[in-house]
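Chains, contacts and geometry: an overview
What follows is each chain in one-letter form.
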Amino acid sequence: MIQTLANKITEQLFENGEAKEIFEIHKYGIEVMISTILNFLLLVMIGYVSSHLIDACLYFLLFGFIRKLSGGYHCSTYFKCISLFIFYVLTYQYYTNLKIIIFILTVIVFMCLSSINMRELNNKELKLYKIISLLIVGSLILLSFIIIYDEIIIYVLFVVSILMLVCIKEK
């Protein structure tokens, strides 16, 4: 559905027959934009219905930010991505009890696997991204002890860690 819509929009933009490679680049960009908007709207709707609207917005922002800096790991389908938030809504009350264990596991996974998926970077850039992602993880861990939205921070770190492990196993 998203690919079809992106194709139709791109065809409207390039009615005069632009080169195939430019068309494909724009089509992909439009597809990513549509899927991002739909993911966000669906997350907001789920957040609103479940009384977790702020959590939904934080999840969207933190997940995208951390995922990008830690190597770009992602779910294989849009449904899996959204279902991760639904799982959070159903289980969030249990994360406080597991906070320290999740933090330790997250730090270990980020230390070992952060930025491993970024093939286009040289060794110096990979080390820089690893340091940045570890600083962000450390900052978020400290922040989670201060603010009331600690469960969503814990969960996002946990999900990105799990995605890192799954992506490495799939290689």
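As the structure is a computational prediction, the values presented were derived from the model and not from experiment. (Residues numbered from 1 in each chain as written. Predicted model: local features only at pLDDT ≥ 70, side-chain atom pairs only at ≥ 80, totals over all residues. Heavy atoms only, no water.)

**Some details on the overall build of the chain**
Each helix and strand counted, the chain has 7 helices and 0 strands in total. Expressed as a percentage of its 171 residues, the buried residues of the chain come to 37%. When contacts within the chain are restricted to residue pairs at least 6 apart in sequence, long-range pairs at least 24 apart make up 71% of them. Here the chain displays about 10700 Å² of accessible surface, and carbon together with sulfur accounts for 70% of that area. (Helix = DSSP H or I, 4+ residues; strand = E, 2+ residues; numbered from the N terminus. Buried < 20%, exposed > 50% of the residue type's maximum accessible area, 1.4 Å probe, protein only. Contact = heavy atoms within 4.5 Å. Areas by Shrake-Rupley, 256 points an atom, 1.4 Å probe, with all protein chains shown as cover.)

**Section: a nonpolar patch on the surface**
Residues M1, M33, I37, L38, F40 and L41 make up a contiguous nonpolar surface patch of roughly 620 Å² in combined accessible area. Along the chain, I37 falls in helix 2 (residues 20-49). A relative accessible area of 47% places I37 in the partly exposed class. (Patch = residues over 30% accessible without salt bridge, like charges linked within 9 Å, V, L, I, M, F, W, Y side chains within 5 Å. Salt bridge = Lys/Arg side-chain N within 4 Å of Asp/Glu carboxyl O.)

**Remarks on the environment of C57**
In this structure, C57 sits in helix 3 (residues 53-70). Sequence separation between C57 and L43 is 14 residues, and the spatial gap between their C-alpha atoms is 7.6 Å. Setting aside its immediate chain neighbours within four residues, C57 contacts F40 and V44.

**What to know about the nonpolar core**
One finds Y59, F63, I66, F85, V156 and L157 to be the most contacted residues of the largest nonpolar core, which totals 33 residues. Those elements that place two or more of their residues in this core are helix 2, helix 3, helix 4 (78-91), helix 5 (99-113), helix 6 (123-144) and helix 7 (150-170). Counting residues per element, this core draws most heavily on helix 7, at 10 residues. If sequence neighbours within four positions are ignored, Y59 has contacts with L43, G64, C81, L84, F85, I152, Y155, V156 and V159. (Core = buried A, V, L, I, M, F, W, Y, C linked by side-chain atoms within 4.5 Å.)

**What about the pattern of salt bridges?**
Within this structure, the stated rule accounts for 1 salt bridge. When the shortest N-O distance is used, the salt bridge between E24 and K27 registers 3.6 Å. Within this pair, E24 and its partner K27 are both found in helix 2, separated by 3 residues, close to a single helical turn.

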